[in-house]
Amino acid sequence: MTDAAELRRLTQELLAAHPPATTDRLDFLKARFDAGLAWVHYPEGLGGLGVPRTLQAVVDAELEAAGAPDNDPRRIGIGLGMAAPTILGYGTEEQKRRYLRPLWAGEEVWCQLFSEPGAGSDLAALGTRAVREGDEWVVNGQKVWTSSAHVARWAILIARTDPDVPKHRGITYFICDMTDPGVEVRPLRQITGEAEFNEVFLTDVRIPDSRRLGDVGDGWRVAQTTLNNERVAIGGMRLPREGGMIGPVAETWRERPELRTHDLHQRLLKLWVEAEVARLTGERLRQQLVAGQPGPEGAGMKLAFARLNQEISGLEVELLGEEGLLYEDWTMRRPELVDFTGRDAGYRYLRSKGNSIEGGTSEVLLNIVAERVLGLPSEPRTDKDVAWKDLAR
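Residues numbered from 1 in each chain as written. Predicted model: local features only at pLDDT ≥ 70, side-chain atom pairs only at ≥ 80, totals over all residues. Heavy atoms only, no water.

Draft legend 1. Representation of the environment of His 265. With respect to the helices and strands, the residue His 265 is situated in helix α8 (residues 262-288). It is 8.7 Å that separates the C-alpha atoms of His 265 and Trp 253, two residues lying 12 residues apart in sequence. (Helix = DSSP H or I, 4+ residues; strand = E, 2+ residues; numbered from the N terminus.)

Draft legend 2. Looking closely at the nonpolar core. The biggest cluster of nonpolar side chains holds 51 residues, and the ones touching the most others in it are Trp 39, Trp 110 and Met 178. Membership of the second largest hydrophobic core comes to 17 residues, among which are Met 245, Leu 268, Ala 275 and Ala 278. (Core = buried A, V, L, I, M, F, W, Y, C linked by side-chain atoms within 4.5 Å. Buried < 20%, exposed > 50% of the residue type's maximum accessible area, 1.4 Å probe, protein only.)

Draft legend 3. Region of the structure containing the pairing of strand β5 (residues 171-177). Buried residues dominate β5, accounting for seven of its seven residues. Covered by surrounding structure in β5 are Ile 171, Tyr 173, Ile 175 and Asp 177 together with Thr 172, Phe 174 and Cys 176, the residues of both alternating faces. Pairing geometry for strand β4 (residues 154-160) and β5, over seven bridges, is antiparallel. Each bridged residue has a counterpart across the sheet, and for Arg 160 the counterpart in β5 is Ile 171. Inspection of the sheet shows β5 paired to strand β8 (residues 212-213) by two bridges, in the antiparallel sense. Bridge pairing in β8 links Phe 174 to Arg 212. (Pairing = 2+ DSSP bridges.)

Draft legend 4. Representation of helix α9 (residues 298-320). Compared with the 33 Å implied by 1.5 Å per residue over 23 residues, the 33 Å span of α9 between its first and last C-alpha is a close match. Where burial is concerned, most of α9 is hidden: 18 out of the 23 residues are buried. Phi for Gly 321, located one or two positions after α9, is positive at around 60°. (Expected span 1.5 Å × (residues − 1).)

Draft legend 5. Expanded view of the packing of α9 against helix α11 (residues 362-373). At their nearest, the axes of α9 and α11 sit 9 Å apart, and the two run at 145° to each other. Helix-helix and strand crossings are classified by hand; for α9 and α11 the assignment is left-handed. Between α9, through Ala 299, Gly 300, Lys 302, Leu 303 and Ala 306, and α11, the contact on the second element is made entirely by Ser 362, Leu 365, Leu 366, Ile 368 and Val 369. For the contact of α9 with α11, the class distribution of residues is seven nonpolar, two polar and one charged. (Axes fitted to C-alpha atoms, helices over the stretch in contact; angles between N-to-C directions. Left-handed = near helix turned anticlockwise from the far one by under 90°. Contact = heavy atoms within 4.5 Å. Nonpolar A, V, L, I, M, F, W, Y, C, P; charged D, E, K, R; others polar.)

Draft legend 6. Fine view of the environment of Trp 272. Mapping Trp 272 onto the fold places it in helix α8. Linking Trp 272 and Ile 357, residues 85 residues apart in sequence, is a C-alpha distance of 23 Å. In contact with Trp 272, other than residues within four places in its own chain, are Arg 241, Glu 242 and Ile 246.

Draft legend 7. Layout of the packing of helix α2 (residues 25-34) against helix α5 (residues 93-105). Orientation of α2 relative to α5, taken along the N-to-C sense of each, is 130°, at an axis distance of 9 Å. Between α2 and α5, the angle falls in the class oblique. Between α2 and α5 the crossing geometry is right-handed. The segment α2 lies against α5, with Leu 26, Leu 29, Lys 30, Arg 32, Phe 33 and Asp 34 engaging Leu 100, Arg 101, Trp 104 and Ala 105. When grouped by side-chain class, the residues that make up the contact of α2 with α5 number six nonpolar, no polar and four charged. (Parallel < 35°, antiparallel > 145°, perpendicular 65-115°, else oblique.)

Draft legend 8. A look at the packing of aromatic side chains. Scanning all chains against the criterion turns up nine aromatic pairs. Judged by centre distance (6.4 Å) and plane angle (45°), the rings of Phe 33 and Trp 104 are tilted. Pair noted here: Phe 33 is in helix α2 and Trp 104 is in helix α5, with a separation of 71 residues, a long-range link. According to the relative accessible area criterion, Phe 33 is buried, its value standing at 4%. Between Trp 145 and Phe 197, the ring centres sit 6.2 Å apart and the planes meet at 65°, which makes this aromatic pair edge-to-face. Taken together, the positions of Trp 145 in the loop between β3 (136-143) and β4 and Phe 197 in strand β7 (residues 197-208) put the pair 52 residues apart, joining distant regions of the chain. Taken together through their ring pairs, the aromatic side chains of Phe 33, Trp 39, Tyr 42 and Trp 104 make up a single cluster. Lying over the aromatic face of Phe 201, Arg 186 brings its terminal NZ or CZ to 4.0 Å of the ring centre. (Phe/Tyr/Trp six-rings, centres within 6.5 Å; stacked < 30°, edge-to-face > 60°. Lys NZ or Arg CZ within 6 Å of the ring centre and 35° of its normal.)

Draft legend 9. Quick peek at a nonpolar patch on the surface. A cluster of nonpolar residues, Val 373, Leu 374 and Leu 376, forms a patch on the protein surface that exposes about 270 Å² of accessible area. For Leu 376, a relative accessible area of 44% puts it in the partly exposed group. (Patch = residues over 30% accessible without salt bridge, like charges linked within 9 Å, V, L, I, M, F, W, Y side chains within 5 Å. Areas by Shrake-Rupley, 256 points an atom, 1.4 Å probe, with all protein chains shown as cover. Salt bridge = Lys/Arg side-chain N within 4 Å of Asp/Glu carboxyl O.)

Right under this line is the structure:
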């Protein structure tokens, strides 16, 4: 049985064979994947060793101490946090071997083609159509709020394949090549001035049936794996104490005593405690993942993440007074990642407004917590048994 000592030995073997100081970064990451030390809880041959997820920390500590490169997880977060667990859960062996290695090593960036302008928060009402023609599916529709679409090679996509059944059925899950003809990516400029989001237009895009994940019409169930992992990835990321948004505010408080007031002190203490509670809750949630895939509890973490980010960034702007009204740059850019802690207070304040929308709106997540975690009565749903084509739009 592989234990912590054995993992340390395997990690040292990797470092000896591929010294980080003299090995190309991508070559090192590929070698790490092949050694099963990428995500140790994945199966052998797919970047793992089939051991408990908690042992990943042993490998990470050894590699960090040796100065080994990481795979820049913030840049490829959609692939790591959403696409990979879905491919692992529903992909064929051929799909797993084709996509997981370049995904983890960061060779191929992924995006998520789920949200649509016509469906709003009701994802199951999506209208992008996929019609089968032989061994291919012809896809037409529009997606929106697509992070990283401008740099992505692949996308996880859900589309309607049967309009004659209720909306949660008749959806199928695909892997879409973002370089295929008919895929058009347009920037969506945000309140920050940047365009990390995009809208994506799909016009007669042909997707081979070999890039379908799960059964035809079973896409909603497959998508739940993606969505549950997404909420954990966003709201339950591993952070040190005072990591995330609370860190810059606490640092400013310590270094700028002239800005302090009694009211701001009370509010900062309250938010510091709540941020620490959320951090520890996230750690507990990650430990629960050892038993399997995340459940609806991740919705609670995502809710806390959005609320805290917005309240903390608002407090930071108030604490800085006139300085908090400044904004470093409103130049139109298309960044590859979101950097909350490496930017100024104005950016954090503006960008956090999107936290209660992306990854599931807070209103939808409140319903999930109420119904699927607390077991409260469901809201009335009059369209549950109505065919999608008959829904009012």
